[in-house]
Amino acid sequence: MTTLIPVGMAGLGRYVPERRLTNQDLEKLVDTSDDWIVQRTGIRERRIAAPDQVTSTLALNAARLALADARMEPDEIDLVICATVTGDQPFPATACRLGLDLGCKRAGGFDLGAACSGFVFSSQVAAGMIQSGQAKNILVVGAEILSRILDYSDRNTCELFGDGAGAAVYTSLERAGRGEFLGGSIGMEGGAEGILAQPAGGSRHPATASTVEQKLHYMKMGGTKVFRFAVRVFAELVQGVIDKYGRDQIGVIVPHQVNQRIIESAMEQLSMPMDSVFCNIDRYGNTSAASVPIALREALEAGRLQKGKLVVMPAFGAGMAWGHLLLRW
Ligand SMILES: CC(C)(COP(=O)(O)OP(=O)(O)OC[C@H]1O[C@@H](n2cnc3c(N)ncnc32)[C@H](O)[C@@H]1OP(=O)(O)O)[C@@H](O)C(=O)NCCC(=O)NCCS
């Protein structure tokens with residue numbers, strides 16, 4: 001039997017675009033109010049990419065910071081994985097553009113499309129490849145420009161999402177010296193294509209003048225169903241970690257930043273206090289695949305990642321796809 005190489009997270013970086021879209025700005029676009037948005041979601045503002053930025057631009061900024069944090073040169077990277085549902089274009093992969101722009105001369109690259117669970121899934125793929133010796137150093141980026149697929153006349157969706165990127169560098173635990181990969185999960189519940197989706201632009205509804213006229217290239221969502229699903233899955237995933245390791249081992253929960261009310265409901269179900277969870281949803285909204293690594297970097301800067309304690313990262317979203325990533329910091 002081959003021994004697995006222990007894996008750690010050597011570097012973390014985050015980037016959000018400068019422009020802020022506040023709830024007051026949204027009041028001018030749709031029939032909504034700051035009060036409604038804050039009460040139902042906890043979101044106060046979100047960032048919006050500049051017209052000349054594409055998803056790989058955001059990813060590049062986050063990735064450079066993650067590499068610097070890891071004290072690693074771009075040509076040491078073996079593989080670039082970009083988790084996104086709003087890549088630069090349907091193909092080629094945004095990871096290839098990113099690898100080229102970064103100067104990852106030896107690396108291969110691919111995108112992973114799992115919406116809000118993308119970073120958590122990509123991290124497990126990366127860790128598995130390092131554990132098995134197939135790669136030494138892997139860059140994982142979650143990057144999204146959701147503002148390009150939002151309909152700013154649809155109040156069901158436009159207030160919830162924002163743009164941003166977060167990046168992590170995985171390598172051997174020996175080199176990283178922190179963030180030991182302990183595992184995670186990758187799951188799905190089928191038959192839910194319509195609940196949260198960008199209906200057109202793929203083989204089901206290729207882009208035509210008619211799909212554009214029907215606004216099928218924009219994100220569509222059935223909010224209430226997603227809410228119930230997210231609370232249930234969040235609580236189950238964290239409970240699984242508690243059952244295995246014990247409640248006192250958990251240093252912090254850094255969940256997908258989905259909605260303050262979802263996070264609060266799940267924490268209540270778990271009978272855990274809100275100070276065990278890290279939230280930045282008020283400032284960025286839901287940035288899908290970027291949300292966990294952005295929050296993780298900010299949790300690190302805020303001193304919330306405690307040496308020797310568990311960092312639990314549950315994520316869930318379109319698919320419905322769900323899973324978690326577990327590190328010991
Ligand atoms: C979207 C969401 C905030 C809506 O909250 P809700 O409590 O379910 O609200 P409802 O959809 O029941 O709507 C309640 C009322 O507010 C209205 N409303 C909906 N959106 C509104 C908005 N942006 N501003 C003001 N009013 C709004 C509705 O029309 C409804 O009015 P009515 O009672 O007169 O019919 C909530 O369902 C949610 O957070 N879902 C999860 C979404 C999510 O996180 N998706 C990403 C997952 S990765």
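Now for a description of the structure that goes with this document.

A tally of regular secondary structure across the chain gives eleven helices and 13 strands. Taken over the C-alpha trace, the chain has a radius of gyration of 19 Å; the compact-globule value for 329 residues is 20 Å, and the two agree within 12%. On the principal axes, the C-alpha backbone points of the chain span a range of 55 × 45 × 35 Å. A total of 329 residues make up the chain; the buried ones form 56% of that total. In the chain, of all internal contacts separated by at least 6 residues, the share reaching a separation of at least 24 is 77%. For the chain, the centre of its 33 positive side-chain charges and the centre of its 35 negative side-chain charges are spaced 2 Å apart.

For the rest of this paragraph, the subject is helix 11 (residues 291-301). Here helix 11 lies mainly inside the structure; nine of its eleven residues are buried. All buried positions along helix 11 are accounted for by Ser291, Val292, Pro293, Ile294, Ala295, Leu296, Arg297, Glu298 and Ala299. Buried residues along helix 11 sit against strand 1 (7-15), helix 3 (55-70), helix 5 (118-131), strand 7 (163-172), helix 10 (281-284) and strand 12 (310-317). Phi for Gly303, located one or two positions after helix 11, is positive at around 75 degrees.

The rules behind the values
Residues numbered from 1 in each chain as written. Predicted model: local features only at pLDDT ≥ 70, side-chain atom pairs only at ≥ 80, totals over all residues. Heavy atoms only, no water. Helix = DSSP H or I, 4+ residues; strand = E, 2+ residues; numbered from the N terminus. Rg over C-alpha atoms; globule rule 2.2 N^0.38 Å. Buried < 20%, exposed > 50% of the residue type's maximum accessible area, 1.4 Å probe, protein only. Contact = heavy atoms within 4.5 Å. Lys, Arg positive; Asp, Glu negative; His and termini not counted. Charge placed at Lys NZ, Arg CZ, Asp CG, Glu CD.

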